[in-house]
Amino acid sequence: MTEKKFAFVNAAAEREYKDLPKDIQSEFGTSLRAIQKNKKPFLIITSLSSIGAGIIELKINGHPAFRCIYTAKYLDVVFVLHSFEKTTNGVDKQAMKTAKARYKELKSELKIK
């Protein structure tokens, strides 16, 4: 099986990722590279079916905690939708809203219903 490509869904998603601390970027990067090679990520993952089928959240817990939301469902590409520092104990509604909007944008660009 071929290796998946990697892309940020838009410039804002890339900027957020690059604004994370370098060690956090590195941890997310290791798992994202594993996913590109069709292997399991090293980090804890959660399926975010509330956003859409195939949307996955990579988790780095701690104080602060970090999240990276991606999908690897289309065109053999790992698309990063949103990366952020988690500041709440519950669901970060704003982050979910951002990820959902970007997923919708991605599907419309790829002309997927």
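Above this note sits the structure.
Calculation rules
Residues numbered from 1 in each chain as written. Predicted model: local features only at pLDDT ≥ 70, side-chain atom pairs only at ≥ 80, totals over all residues. Heavy atoms only, no water. Helix = DSSP H or I, 4+ residues; strand = E, 2+ residues; numbered from the N terminus. Expected span 1.5 Å × (residues − 1). Buried < 20%, exposed > 50% of the residue type's maximum accessible area, 1.4 Å probe, protein only. Arc of directions from axis to C-beta. Contact = heavy atoms within 4.5 Å. Pairing = 2+ DSSP bridges. Axes fitted to C-alpha atoms, helices over the stretch in contact; angles between N-to-C directions. Lys, Arg positive; Asp, Glu negative; His and termini not counted. Salt bridge = Lys/Arg side-chain N within 4 Å of Asp/Glu carboxyl O. Polar contact = N/O pair within 3.5 Å; in protein donor to acceptor, adjacent residues only side chain to side chain.

Caption draft 1: The arrangement of helix α3 (residues 93-109) in detail. Taking 1.5 Å as the rise per residue, α3 with 17 residues should run 24 Å; its terminal C-alpha atoms sit 24 Å apart, in good agreement. Looking at α3, one finds that the buried residues are A95, M96, T98, A99, R102, Y103 and L106. Seen along its axis, α3 keeps its buried residues to an arc of 160°; they face one direction. Away from the buried face of α3 by more than 90 degrees, exposed residues K93, Q94, K97 and K104 are located. Each element contacted by the buried residues of α3 is listed here: α1 (11-19), β3 (55-60), β4 (65-71) and β5 (77-86). Backbone geometry just downstream of α3 places K111 in the positive-phi region, at approximately 55°.

Caption draft 2: Structural view of the sheet that holds β5. The strand order across the open sheet built from five strands is β1-β5-β4-β3-β2, with neighbouring strands paired in mixed fashion. With one partner strand each, in any of the chains shown, β1 (5-8) and β2 (44-47) form the two edges of the open sheet. Averaged over neighbouring strand pairs, the angle between their axes works out to 30° when direction is ignored. Here four bridges tie β1 to β5, and the two strands are oriented parallel to one another. In the strand pairing of β5, K5 is matched with V77. Strand contacts of α1: β1, β4 and β5, with the helix running at about 55° to β5, the strand carrying the most contacts. Its contacts with the sheet place α3 against β3, β4 and β5, and it is angled at close to 165° to β5.

Caption draft 3: Geometry of the side chain of K86. Note that K86 resides in strand β5. Despite being buried, K86 has no salt bridge partner; D92 is the closest side chain of opposite charge, sitting 6.0 Å away. From its side chain, K86 meets the backbone oxygen of G90 in a polar contact 2.5 Å long. The contact partners of K86, leaving out residues within four places of it in the chain, are A65, F66, R67 and D92.

As far as function goes, none of this settles anything; it's purely spatial.
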